[in-house]
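# Working through the structure, step by step
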Amino acid sequence: MSNKVTRGLTFLRKYGLKETISTTIRYFAIHRRFLLPRDTAYEEYLAQVVPTEEKLEAERAEVFKYNPLFSVLVPLYETDLKFLDELIKSIKAQTYSNWELCFSDGSRDKERLRTVIAEYQAADERIKYIGEGENTLGISSNTNQAFTIATGDYIILGDHDDLFMPNAFYECAKALNQDPTIDVIYTDEDKTDEGGVKHFEPSLKPDFNPDLLQSCNYITHMFVAKKSLAEEAGLFDDEYNGAQDYDFIFRCTEKAANIHHIPKVLYSWRVNATSTAGNVEAKLYAYDAGMKAVQAHYDRIGIKTVVSQDERLYGHYITQYEMPEDASLTIIVITDGFDSNLKKCTESFSKKSSFKNISFLPFNPGNRRDTTLADALNDQIDRVKSEYIMIVTCDARLYSSFAIRDMMSILYSRPDVGIVAPQFALPLYRTKHAGIIYGKDDMFGYEYLMHEDYDEEYNQYVDYMAVHSGCIMTTKSMLAMVHGFTRDYKTLESMIQDYCFKLRTDGFKSVYAGRSICKYSGHPVPPDNYKEMEAADQRRFENTWKETLSAGDIYYGNRL
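Residues numbered from 1 in each chain as written. Predicted model: local features only at pLDDT ≥ 70, side-chain atom pairs only at ≥ 80, totals over all residues. Heavy atoms only, no water.

### Looking at the overall build of the chain
The helix and strand tally for the chain stands at 19 helices and 23 strands. Within the span of the chain, comprising 560 residues, buried residues form 57% of the whole. For the chain, restricting intrachain contacts to residue pairs at least 6 apart in sequence, the fraction spanning at least 24 positions comes to 78%. When the accessible surface of the chain is summed, it comes to about 24200 Å², and 51% of that surface belongs to carbon and sulfur atoms. (Helix = DSSP H or I, 4+ residues; strand = E, 2+ residues; numbered from the N terminus. Buried < 20%, exposed > 50% of the residue type's maximum accessible area, 1.4 Å probe, protein only. Contact = heavy atoms within 4.5 Å. Areas by Shrake-Rupley, 256 points an atom, 1.4 Å probe, with all protein chains shown as cover.)

Listed below in structure tokens is the structure:
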């Protein structure tokens, strides 16, 4: 009989059929509150979050103490007049009225748009236009030309064929009244069809997530920056045309002290045959420019990397960090008493990994009564000589040969990172999950549970408040800095989450390395008193980090 069947029957005997089914469902459950748009028709989601007419009227009547002037920069190029009209209407429909719309015309024949826009200007003095010279302008120079007529406190970037939701500027003004120190704002977005009627493919973004931004331009629209910050960061650069917004976002966020995410869909990216929203092959040069923008970002902040395109995903980039010389790794394997499981685990890591300077330290926690898992692990780590330490459960199998090098290079090159974890795959349903997300109603949930293979979003580097405990890498120095794992914890899950939170308190990130993959072979049989230990650990974790948890996830805002 296989170990998997043996472990399953053992769990069934210990906890009974009802608890076994409940545990299985709990393990595979999707936390729908975080993944709603993936699992529910987007129209249903919109019906819950789009403000009613009554709400929009209330916004129009609201009087703010601070009324920033927003300058909307829109570069025009041979623009479709229907799209132009719909864009202007979406801006004139804003419930917040202190804005100016700054059009810059980079077309060869500027008279066509100049004449049309003059009619809009006659009806609304907030609409501005500039179109100089006889030559065409690249999108960066065109946007910079729009900047020359902007007089606002903040600039808002917009494309000439896209649409703003009617409460877009109101939400920005509201945020700035609540916190006037904000330098940069970005919002969620969706796509709309060519007619501007059907909305689909929402992008519900995390709060500011530097590692994800280095993997892809997840911010895109709508992007708002203090005008003085934009001037300090430098305006748009023709060298990055096609990804000029990506380069600009990097330079602004590098200098911004306060970056604010509004978790509401406030911008719609129109899909048409020539846009990258509708046809990624229409502007392949944009992805090369994006790669250059990521590399330039690393160069400015002083991190040695080599950036390349992800060949499977347009607009996604792979960062190769510098590796330490003569590094060694100790892998602590938490066993479940099955020697064959331990052997398969160690063999998969030793044979599959391209990094070979590895030693293994098996550790069987057993049914501990006199000591905690954290205490026992701290004792083990005290005897470890290597700086780099990996902790894995014995059901983990290494899948990506480069995974150990990948995780180690992040820890080596990034002084702001304290712990790294790979992507996990569950063979039965090809289920994957990444880091851990927190909400006010659910203590925690795994990201990307039950998603299909090759989902682009979990093949990135991403920052989380905590990472999954099945396989983690950290350093002995980091553990020493926070005085090891908190001694009271008896379960690995709570212990690792607590460690991530302690690192975060000291300014260190928990990074999920999505291209590095481990697979589960099954689930270890828990000790007899596991349920009691788990419940006690959960209460301890919630009490210890009550204030942090009550504020919500710093990367994933509440959606509804």
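Now that the structure is up, let's keep going.
### Some details on the environment of valine 307
Within the element layout of this structure, valine 307 appears in strand β10 (residues 305-309). A C-alpha to C-alpha distance of 9.5 Å links valine 307 and serine 215, two positions 92 residues apart in sequence. Once residues lying within four places of it in the same chain are set aside, the contact partners of valine 307 are Met291, Val294, Gln295, Tyr298, Tyr317, Ile318 and Thr319.

### What about the pattern of salt bridges?
This structure, assessed with the given rule, holds 23 salt bridges. The shortest N-O distance in the salt bridge between lysine 205 and glutamate 189 comes to 2.8 Å. With lysine 205 in the loop between β7 (199-203) and α9 (210-215) and glutamate 189 in strand β6 (residues 184-192), the pair connects residues that are 16 residues apart, well separated along the chain. With relative accessibility at 1%, the residue lysine 205 sits in the buried group. Here glutamate 231 makes a salt bridge to lysine 227, at a shortest N to O gap of 3.3 Å. Of this pair, glutamate 231 and lysine 227 both sit in helix α10 (residues 227-233), four residues apart, roughly one helical turn. Each of Asp211, Arg414, Asp416 and Lys509 takes part in salt bridges that share partners, so that together they form one network. (Salt bridge = Lys/Arg side-chain N within 4 Å of Asp/Glu carboxyl O.)

### Some words on the state of the cysteines
For the coordinates displayed, the defined rule picks out zero disulfides. Sulfur of cysteine 518: no disulfide; nearest cysteine sulfur belongs to cysteine 471 and is 4.1 Å away. (Disulfide = S-S within 2.5 Å.)

### Quick look at the pairing of strand β3 (residues 127-130)
Here strand β2 (residues 99-105) pairs with β3 via four bridges, running parallel. The partner of cysteine 102 across the bridge, within β3, is lysine 128. Viewed along the sheet, the connection from β2 through helix α6 (residues 110-123) into β3 turns out right-handed. (Pairing = 2+ DSSP bridges. Right-handed = clockwise from strand over helix to strand, strands pointing away.)

### Section: the side chain of aspartate 105
Inspection of the secondary structure puts aspartate 105 in strand β2. Lysine 110 provides the closest opposite charge to the buried, salt-bridge-free aspartate 105, at an N-O distance of 5.9 Å. Side chain to side chain, aspartate 105 and tyrosine 129 meet in a polar contact 3.0 Å long. Every residue in contact with aspartate 105, bar those within four places of it in the chain, is listed here: Leu76, Lys110, Leu113, Arg114, Tyr129, Ile130, Gly131, Leu137, Asn142 and Gln145. (Lys, Arg positive; Asp, Glu negative; His and termini not counted. Polar contact = N/O pair within 3.5 Å; in protein donor to acceptor, adjacent residues only side chain to side chain.)

### What about the packing of aromatic side chains?
Counted according to the given criterion, the structure contains 22 aromatic pairs. Ring geometry for phenylalanine 64 against tyrosine 170: centres 5.6 Å apart, planes inclined by 40°, an arrangement best described as tilted. Taken together, the residues phenylalanine 64 in the loop between α4 (53-61) and β1 (70-76) and tyrosine 170 in helix α8 (residues 168-178) connect sequence positions 106 residues apart. In this structure, phenylalanine 64 and tyrosine 170 share a single accessibility class: buried. An aromatic cluster of three or more residues is present, and its members are Phe64, Phe70, Tyr96, Tyr154, Phe164, Phe169, Tyr170 and Tyr267. Across from the ring centre of tyrosine 489, 5.8 Å away, lies the NZ or CZ of arginine 540, which sits over that ring. (Phe/Tyr/Trp six-rings, centres within 6.5 Å; stacked < 30°, edge-to-face > 60°. Lys NZ or Arg CZ within 6 Å of the ring centre and 35° of its normal.)

### Quick word on the nonpolar core
In terms of nonpolar packing, the biggest core is built from 113 residues, with Phe223, Leu329, Phe349, Met390, Ile404 and Phe485 touching the most fellow members. Of all the elements, helix α17 (residues 492-505) adds the most residues to this core, at seven residues. (Core = buried A, V, L, I, M, F, W, Y, C linked by side-chain atoms within 4.5 Å.)

### Overview of the packing of α17 against helix α18 (residues 530-544)
Axis separation between α17 and α18 bottoms out at 10 Å; the angle between their running directions is 10°. Between α17 and α18, the interaxial angle falls into the category roughly parallel. You can see that α17 and α18 cross each other, and the crossing is left-handed. Counting all contacts with α17, which are made through Ser494, Gln497, Asp498 and Phe501, the residues of α18 involved are Asp537, Gln538, Phe541 and Thr544. When the residues that make up the contact of α17 with α18 are grouped by side-chain class, the tally is two nonpolar, four polar and two charged. (Axes fitted to C-alpha atoms, helices over the stretch in contact; angles between N-to-C directions. Parallel < 35°, antiparallel > 145°, perpendicular 65-115°, else oblique. Left-handed = near helix turned anticlockwise from the far one by under 90°. Nonpolar A, V, L, I, M, F, W, Y, C, P; charged D, E, K, R; others polar.)

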